[in-house]
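# Structural features, examined
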Amino acid sequence: AKSATLASPGVWYGSDMQIVWLIPEGTTVKKGDVVARLDTANVVKFLNDQQSQLNISLSDLAKMEADHKATMDRLHAELKNAEFQYELSKLSLERVRFEAEVQLREKELQLKRDSIAVEQAKLKLETQKEINASELNKINVEINKARSDVEKARRDLGKFTLRAEMPGLVVYEMNWRTGKKMAISDQVWQGMSIISLPDLSKMQAIGSVNEVDVSKVKTGQQVNIKLDAFPDRLFHGTVSSVGTIGQQADRSSSIKTFELIIDITETDPILKPGMTTSIEIIV
């Protein structure tokens, strides 16, 4: 009645994943038990590469910040010197206010030149600030991406170990590449089903009823159930659901049947998924 399917992680690291370990089929497991492991070589390589890139970017950031500080200190000093020279020129102009015209003109021009130098120093400082901010933003984007990739790879590493999501019986899924059940060394793609875990504490039988008799069958009716493998054992159950759409019994027949799902009352170790049953409905 209840089962879970465990699939390979939906992540891509350059190639398909390989099964390196499987718990034996038919093992009864508890929630949290490890049931399969996939090769982590590709994700570990990616993790190491991104960690190296992150370390390089962090080193580049530290060097860039040191270079920026040195450049800004130099530009601030140049601005201070330009402002200081400008103030000296203003004092010099005041001293020659009543001197010859040519000297006065010379001092005025010098003051103008020093004023321009101050403005240029300020502009250079502001421009350098914008350049620094742009460079820092670029390298921080690289750092954030590398850090995000590292964190994702670390999280993904755990997904390469498949754990039971619920108690159940280990049943290998079919590998459509090989036409056989899953096995160690098989290659699997993203999200490919590897193991199913049916919960044996509540079992169901699936049957069908002819369209002529379907009107006689109702949910809740009592059912006798026999296993073809153990004909001397009798189990009991109730009709859980009756299909609403008829299907052909087989390609060569025009007879329609409706699917029945039967809840089995008893629990027993001999009840296994996939066994063939005969059902008798008490109408």
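Read on for an overview of the structure. In this text the structure is predicted, and so the values were computed from the model without any measurement.

### Details of the pattern of salt bridges
Inspection of every chain in the model, using the stated rule, returns 15 salt bridges. A salt bridge links Asp-149 to Lys-145; the nearest nitrogen and oxygen atoms lie 2.9 Å apart. Of this pair, Asp-149 and Lys-145 are both found in helix α2 (residues 101-159), 4 residues apart, which corresponds to roughly one turn of the helix. The residue Asp-156 makes a salt bridge to Lys-159 at a minimum N-O spacing of 3.3 Å. Of this pair, Asp-156 and Lys-159 both sit in helix α2, 3 residues apart, which is roughly one turn of the helix. Taking the relative accessible area as the measure of exposure, Asp-156 reaches 2% and is therefore buried.

### A look at the pairing of strand β14 (residues 230-242)
Judged from the 6 bridges that link them, strand β13 (residues 222-227) and β14 form a sheet pairing that is antiparallel. From the neighbouring strand, Val-223 faces β14, where its bridge partner is Gly-237. The loop that links β13 with its antiparallel partner β14 comprises 2 residues. Pairing of β14 with strand β16 (residues 256-264), which is carried by 5 bridges, proceeds in the antiparallel orientation. Within β16, the position partnered with Thr-238 by the bridge is Asp-263.

### Some points on the environment of Val-35
Looking at the element boundaries, Val-35 is found in strand β4 (residues 34-38). The buried category is assigned to Val-35, whose relative accessible area is 0%. In this structure, the C-alpha to C-alpha distance between Val-35 and Ile-195, residues 160 residues apart in sequence, is 8.2 Å. Among residues more than four places away in sequence, those in contact with Val-35 are Leu-6, Trp-21, Leu-22, Ile-23, Val-29, Leu-162, Arg-163, Ala-164, Val-170 and Ile-195.

### Some details on the nonpolar core
If you look at the biggest cluster of nonpolar residues, it comprises 26 residues, and the most contacted ones within it are Leu-22, Val-35, Val-170, Met-182, Val-188, Ile-194 and Ile-195. Among the elements of the structure, β2 (17-22), β4, α1 (41-95), α2 and β11 (193-198) are those that each provide at least two residues to this core.

### Looking at the sheet that holds strand β5 (residues 161-163)
Reading across from one edge, β5-β4-β2-β10 is the order of the 4 strands in this open sheet, with antiparallel pairing throughout. Whereas interior strands pair on both sides, the edge strands pair on one side only; in this sheet they are β5 and β10 (187-188). As paired strands, β2 and β4 are joined by 3 bridges and run antiparallel to one another. Within β4, the position partnered with Ile-19 by the bridge is Leu-38.

### A short note on the side chain of Ser-57
Position of Ser-57 relative to the elements: it lies in helix α1. The contacts of Ser-57, once residues within four sequence positions are left out, are Ile-139, Glu-142 and Ile-143.

### A few points about the packing of aromatic side chains
Ring pairs (aromatic) are described by centroid distance and by the angle formed between their planes. Across all of its chains, the model carries 1 aromatic pair by this definition. The interplanar angle of 65° and the centroid separation of 5.2 Å between the aromatic rings of Tyr-13 and Phe-46 together place this pair among those described as edge-to-face. Of the two residues, Tyr-13 sits in the loop between β1 (3-7) and β2 while Phe-46 sits in helix α1, which places them 33 residues apart along the sequence. The buried category is assigned to Tyr-13, whose relative accessible area is 13%. The exposure class of Phe-46 is partly exposed, given its relative accessible area of 28%.

Basis of the calculations
- Residues numbered from 1 in each chain as written.
- Predicted model: local features only at pLDDT ≥ 70, side-chain atom pairs only at ≥ 80, totals over all residues.
- Heavy atoms only, no water.
- Salt bridge = Lys/Arg side-chain N within 4 Å of Asp/Glu carboxyl O.
- Helix = DSSP H or I, 4+ residues; strand = E, 2+ residues; numbered from the N terminus.
- Buried < 20%, exposed > 50% of the residue type's maximum accessible area, 1.4 Å probe, protein only.
- Pairing = 2+ DSSP bridges.
- Contact = heavy atoms within 4.5 Å.
- Core = buried A, V, L, I, M, F, W, Y, C linked by side-chain atoms within 4.5 Å.
- Phe/Tyr/Trp six-rings, centres within 6.5 Å; stacked < 30°, edge-to-face > 60°.

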